[in-house]
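Observations on the three-dimensional arrangement
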Amino acid sequence: MKPAAVPPKTYRVKSFGCQMNVYDGERMAELLGDRGIAPAPEGEDADLVILNTCHIRERAAEKVYSDIGRLVFAGKQAGKQPLIAVAGCVAQAEGEEIMKRAPAVSIVVGPQAYHRLPEMLDKAVQGKRATDTDMPAIAKFDALPQRKKRGPSAFLTVQEGCDKFCTYCVVPYTRGAEISRPFPHLVAEAQKLVEAGAKEITLLGQNVNAWSGEDDKGRRTGLAGLIHALARIDGLERIRYTTSHPNDMDDALIAAHGEVDKLMPYLHLPVQAGNDRILKAMNRQHTAESYLRIIERFRAVRPDIALSGDFIVGFPGETEAEFEDTLRIVDEVRYAACFSFKYSPRPGTPAATMEGQIAPDVMADRLQRLQARLAHHQYAFNQASVGKTCSVMIDRTGRDPGQWLGKSPWLQSVWFEGDYAIGDLVEVTLADAGPNSLRGVISAPA
Ligand code: 5AD
Ligand code: SF4
């Protein structure tokens, strides 16, 4: 038992890692809001801190312990300890260990159990530590309150979990088996988000294109059917989705990119590596060639589509020649954006105990060469966009007064000047390209 605590009045949620964690963080915040707990004002200590952790790469657990240490230290200085909750994938994977090693932590809650946070909080206030890393399929979403998030751009988790078991990845263990949320729930949540001001919705899932469900007429449908239905919501202007797996791509989703104007011309489709032996060792269940054929089909229906991907360098046993196949596939696809990582052994995954772990300096060299290629293609994509006129959705103010930053349909950052507000959709002609952003000139309100 810990000493009883005063019920918290303020909270702070610190989300690390992927967009699904950001979504989960927002939903936890909404749960706390329903209980009358308010976000801590900027610069002030919160009574309750939720560390919403990510376990995908590097020393995630160590980062959690150092964050906890920092909170305890700050609490001592302020003469008041916050309640600390650890959520997310590190909580799922190492919950017991966290409870043992970090007595300051009151709550450990996994990504499938956070709908039970309010009860856990009641226990914590009584001085009882609470752990919940159950994985009840779907129960979480049914138990969460209605969406309250305001703002022009919103995330909507439609699918969770992963059955693919890539040999390097912890996600199947921390997020559990693939589940799809029901179609009517998703349409209703999207409607709520639009009523609250969302103009853009990004559908999220570890394997978002594995989503399947029954539409309003009882017909079995994949992600394309959901996208068609969401496109009928008045006021919703832009639809995106991430992250897809090559093996879950179907004809209807590819076709949707040629049919649905609101579906943005952008596809995040990780390939991870360009060599078939490595892809096999990763258990990706596709080849470089089959991946390229999928890309070709997207380009056939939507020639301007921006492609992005994830890459891992230095997977166990990767030779120089095998790494060069990754550079080759990058040159073939000409990605508009990308995320690249050094392989990081994750405890409990098959690859962590494979022979041929790659030396850190080799890994660093490969990452640097890969990133140079990726940067080259990103810049080239930006340069090829100059002269195009497109809609830009404003998401931030720029550095100087009257300057705005937003996203093009191809998810490029575009800055321009004028008298606008966050959330406005404006028509912009792309005038200059830099490696990471473009300058736009206003044409007219879109
Ligand atoms: N090491 C390095 N990168 C990884 N990813 C997943 N697991 C690992 C790992 N063990 C990367 C993959 C995935 C992205 C979300 O993180 O590229 O697509
Ligand atoms: Fe991890 Fe592979 Fe599943 Fe993606 S598809 S979440 S990389 S196991």
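Here the residue numbering is sequential within each chain, running from 1 through the sequence in written order. To label them, take the chains in the order written and letter them from A, then take the ligands in the order written and number them from 1. Local features in this predicted model are restricted to residues of pLDDT 70 or higher, and side-chain atom pairs are both shown and tallied only at a pLDDT of 80 or more, whereas totals for entire chains, interfaces and linings draw on every residue. Hydrogens and waters are ignored; side-chain quantities use all the structure's heavy atoms.

Brief notes about the pattern of salt bridges
Test applied: Put simply, a salt bridge is a Lys or Arg side-chain nitrogen that is within 4 Å of an Asp or Glu carboxyl oxygen. Counting from the N terminus, the helices are the DSSP runs of H or I reaching at least four residues and the strands are the DSSP runs of E reaching at least two. Only protein chains enter the accessibility calculation, which uses a 1.4 Å probe; a residue whose area is less than 20% of its type maximum is buried, one above 50% is exposed, and one in between is partly exposed.
All chains considered together, the criterion is met by 35 salt bridges. Residue Arg 238 is joined to Glu 200 by a salt bridge in which the shortest nitrogen-to-oxygen separation is 3.5 Å. Residue Arg 238 is located in strand S13 (residues 238-242), and its partner Glu 200 is located in strand S10 (residues 200-204); the two are separated by 38 residues in the primary sequence. We classify Glu 200 as buried; its relative accessible area is 7%. Among the ionic pairs, Asp 432 bridges to Arg 439, the shortest N-O distance being 2.8 Å. The class of Asp 432 is partly exposed, set by a relative accessible area of 38%. Salt bridges sharing common partners tie together Glu 26, Arg 27, Glu 30, Arg 147, Arg 181 and Glu 189.

A few points about the site of ligand 1
Keep this limit in mind: Near is defined per residue: the residue qualifies when any heavy atom it owns lies within 4 Å of the molecule or strand. In the analysis that follows, any N or O atom pair within 3.5 Å is treated as a polar contact, provided that within protein one partner can donate a hydrogen and the other can accept it, and provided that, for residues neighboring in sequence, both atoms belong to side chains. The Shrake-Rupley method, run with a 1.4 Å probe, gives the accessible areas here. Residue values count only the displayed protein chains as cover. Any residue outside Ala, Val, Leu, Ile, Met, Phe, Trp, Tyr, Cys, Pro, Asp, Glu, Lys and Arg is labelled polar, Gly included; the first ten of those are nonpolar and the last four are charged.
Around ligand 1, the neighbouring residues are Ile 56, Arg 57, Tyr 168, Gln 272, Asp 310, Ile 312, Phe 341, Lys 342, Tyr 343, Ser 344 and Arg 346. At 2.9 Å, a backbone N or O of Tyr 168 approaches a nitrogen atom of ligand 1. The separation between a nitrogen atom of ligand 1 and a polar main-chain atom of Ser 344 is 2.8 Å. Burial of ligand 1 by the surrounding chains reaches 87%, relative to a free accessible area of 410 Å². Only strand S15 (306-313) and strand S16 (337-342) provide two or more residues apiece to the shell around ligand 1. For the shell around ligand 1, the per-class residue count stands at five nonpolar, two polar and four charged.

Section: the sheet that holds strand S2 (residues 38-39)
Using the following cut-off: Here the rule is simple: two strands pair whenever DSSP picks up at least two bridges between them. The contact criterion used throughout is that any non-hydrogen atoms of two residues lie within 4.5 Å. To get an axis, a line is fitted to the C-alpha atoms, and for a helix only the part in contact is used. The angle between two axes follows their N-to-C directions and goes from 0 to 180 degrees.
Judged by pairing direction, the sheet is parallel, and its six strands sit side by side in the order S2-S1-S3-S4-S5-S6 without closing on themselves. Only two strands of the sheet have a single partner each, and these edge strands are S2 and strand S6 (130-132). Examined bridge by bridge, strand S3 (residues 48-53) and strand S4 (residues 83-87) share five bridges and lie parallel to one another. Each residue of the ladder has a partner; that of Ile 50, found in S4, is Ala 85. Seen against the sheet, helix H1 (residues 19-34) touches strand S1 (10-15), S3 and S4 and runs at an angle of roughly 155 degrees to S3. Sheet contacts for helix H4 (residues 117-125): S3, S4, strand S5 (105-109) and S6; angle to S5, the most-contacted strand, approximately 160 degrees.

A word on the pairing of S16
Test applied: By definition, the crossover connecting two strands over a helix is right-handed if that path, from the first strand to the second, turns clockwise as seen with the strands pointing away from the viewer.
For S15 and S16, the ladder comprises six bridges, and the chain directions are parallel. The residue of S16 that forms the bridge with Phe 311 is Ser 340. Crossover S15 to S16 through helix H12 (residues 320-333) is right-handed.

Observations concerning the sheet that holds S16
Judged by pairing direction, the sheet is parallel, and its three strands sit side by side in the order S14-S15-S16 without closing on themselves. On the outer flanks of this sheet lie strand S14 (266-268) and S16, each paired with one strand and no other. Adjacent strand axes in the sheet meet at a mean angle of 10 degrees, parallel and antiparallel pairs treated alike. Its contacts with the sheet put helix H13 (residues 360-385) on S15 and S16, and the angle it makes with S16 is roughly 175 degrees.

Quick word on the side chain of Arg 240
Structurally, Arg 240 is set in strand S13. Residue Arg 240 is classed as buried on the basis of its relative accessible area, which comes to 8%. In this structure the side chain of Arg 240 is engaged in a polar contact, spanning 3.1 Å, whose partner is the side chain of Glu 200. From its side chain, Arg 240 meets the backbone oxygen of Ser 408 in a polar contact 3.1 Å long. Contacts of Arg 240, omitting those with residues within four sequence positions, involve Glu 200, Ile 201, Thr 202, Leu 203, Met 264, Tyr 266, Ser 408, Pro 409 and Leu 411.

A word on the packing of helix H11 (residues 288-301) against H12
Applicable threshold: Comment on the angle field: the value is read as roughly parallel under 35 degrees, roughly antiparallel over 145, roughly perpendicular from 65 to 115, and oblique elsewhere. The hand of a helix crossing depends on one turn: near helix anticlockwise from the far one by less than a right angle means left-handed, and clockwise means right-handed.
Between H11 and H12, whose axes approach to 11 Å, the crossing angle comes to 10 degrees. The pairing of H11 with H12 is recorded here as roughly parallel in orientation. Crossing of H11 over H12 shows right-handed handedness. Counted together, Ala 288, Tyr 291, Leu 292, Ile 295 and Arg 299 of H11 and Ile 329, Glu 332 and Val 333 of H12 form the full contact between these two elements. Class assignment of the residues belonging to the contact of H11 with H12 gives a composition of six nonpolar, no polar and two charged.

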